[in-house]
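Chain residues, written in single-letter form:
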Amino acid sequence: QKLYELARRGVEIERQPVPVHIHEFEAQTPNGTLLQTNEDGTIDLNARVRCSAGTYIRVLAEMIGERLGAGAHLARLRRTRAGAFRIEDAVTLDELQRIIEAGETERIVISPDAALSHMPFVHLTAGQTRQARNGVAARIEASQQFDVQDGAHVRMRDEHGNLIAIGIYSAADARVQPRISLASLSEDNL
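Residues numbered from 1 in each chain as written. Predicted model: local features only at pLDDT ≥ 70, side-chain atom pairs only at ≥ 80, totals over all residues. Heavy atoms only, no water.

1. Comments concerning the overall build of the chain
Argument step 1. When its secondary structure is counted, the chain shows 5 helices and 10 strands.
Argument step 2. With respect to the principal axes defined by its C-alpha atoms, the chain has extents near 70 × 50 × 35 Å.
Argument step 3. Each of the 190 residues in the chain was classed as buried or not, and the buried ones make up 19%.
Argument step 4. Residue pairs at least 24 apart in sequence account for 45% of intrachain contacts in the chain once pairs closer than 6 positions are excluded.
Argument step 5. Carbon and sulfur atoms provide 50% of the accessible area of the chain, an area that totals close to 14600 Å².
Argument step 6. Positive and negative charge centroids in the chain, built from 22 and 26 side chains respectively, lie 3 Å apart. (Helix = DSSP H or I, 4+ residues; strand = E, 2+ residues; numbered from the N terminus. Buried < 20%, exposed > 50% of the residue type's maximum accessible area, 1.4 Å probe, protein only. Contact = heavy atoms within 4.5 Å. Areas by Shrake-Rupley, 256 points an atom, 1.4 Å probe, with all protein chains shown as cover. Lys, Arg positive; Asp, Glu negative; His and termini not counted. Charge placed at Lys NZ, Arg CZ, Asp CG, Glu CD.)

2. Some words on the packing of aromatic side chains
Argument step 1. Enumeration according to the criterion identifies 0 aromatic pairs in this entry.
Argument step 2. Here the guanidinium or amino end of R157 rests over the ring plane of F121, the centre of that ring lying 3.9 Å away. (Phe/Tyr/Trp six-rings, centres within 6.5 Å; stacked < 30°, edge-to-face > 60°. Lys NZ or Arg CZ within 6 Å of the ring centre and 35° of its normal.)

3. Brief notes about the nonpolar core
Argument step 1. Of all hydrophobic cores here, the largest spans 13 residues; its most connected members are V122, L124, V154, M156, I164, Y169 and V176.
Argument step 2. If you list the elements that add at least two residues to this core, you get β8 (153-157) and β9 (163-170).
Argument step 3. The greatest single-element share of this core, amounting to 3 residues, is contributed by β9.
Argument step 4. If near-sequence neighbours (up to four positions away) are discounted, I164 is found in contact with L124, T129, A132, R133, M156, D158, I180, S181 and L182. (Core = buried A, V, L, I, M, F, W, Y, C linked by side-chain atoms within 4.5 Å.)

4. Remarks on the sheet that holds strand β6 (residues 121-123)
Argument step 1. Taken in spatial order, the 5 strands make up an open sheet running β6-β8-β9-β10-β7, and their pairing is mixed. Two strands bound the open sheet, and with one partner strand each, they are β6 and β7 (138-139).
Argument step 2. Along the sheet, helix α5 (residues 126-133) makes contact with β6, β7, β8, β9 and β10 (175-181), crossing β9 at roughly 85°. (Pairing = 2+ DSSP bridges. Axes fitted to C-alpha atoms, helices over the stretch in contact; angles between N-to-C directions.)

5. Overview of the environment of Q28
Argument step 1. Structurally, Q28 can be placed in strand β1 (residues 22-28).
Argument step 2. Among the polar contacts listed, one links the side chain of Q28 to the side chain of E26, at a separation of 3.5 Å. (Polar contact = N/O pair within 3.5 Å; in protein donor to acceptor, adjacent residues only side chain to side chain.)

6. Section: unusual backbone geometry
Argument step 1. Residue A174 is not a glycine yet carries a positive backbone phi of 50°.
Argument step 2. Given a relative accessible area of 7%, A174 falls into the buried group.

7. Some remarks on helix α2 (residues 57-68)
Argument step 1. Here α2 is 12 residues long and its end C-alpha atoms lie 17 Å apart, about the 16 Å a rise of 1.5 Å per residue gives.
Argument step 2. Residues of α2 that are buried include every one of I57, V59, L60, A61 and G65, and no others.
Argument step 3. Against the buried residues of α2 lie β1 and β3 (43-51). (Expected span 1.5 Å × (residues − 1).)

8. What to know about the pairing of β9
Argument step 1. Among the 8 residues in β9, 7 count as buried, and that is most of the element.
Argument step 2. In terms of strand pairing, β8 meets β9 through 5 bridges, oriented antiparallel. In the strand pairing of β9, R155 is matched with I166.
Argument step 3. Between β8 and the antiparallel strand that follows it, β9, lie 5 residues; G161 among them carries a positive phi value of about 90°.
Argument step 4. Direction of pairing for β9 relative to β10: antiparallel, over a ladder of 6 bridges. When the bridges of β10 are listed, S170 appears paired with R175.

Set out below in structure tokens:
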């Protein structure tokens, strides 16, 4: 369960520390001032954070307050990017409805392969494709081997370049074990 869902129900759990990376923390001045004093006496600081996946921004706010010797919490959070997906490329629900009614969904639909483009991929032979569709690991030939860490997620493409599965790479035996199989998608299914 998500930590904020538990917190809303009053359930406190001990969070296990995990390594995260704060690539950028930038204080914002939307009204020309760094700190905004509210009618209730609280003070807001707007900030932009660029961080690794798995970073709890609410915890970051608490930690900053702790270091400053003041209580702090997150008043508002707006995600502007997740991986390669940016808020500038998003559409509102009203825009989505208009696009659907106009029959223009092809201009906004992203293929699963494109959505997962941050993952490495491997091309399978016809035989490996048949086996992978049945859950059998594919051995990666030396000519195809790539620089991937053990346990990494890998896109598995068939002999035609179509994404058929997401697998887990085993460096010990140079195999990719399918974990998530994808049904063949045709334009009729989109």
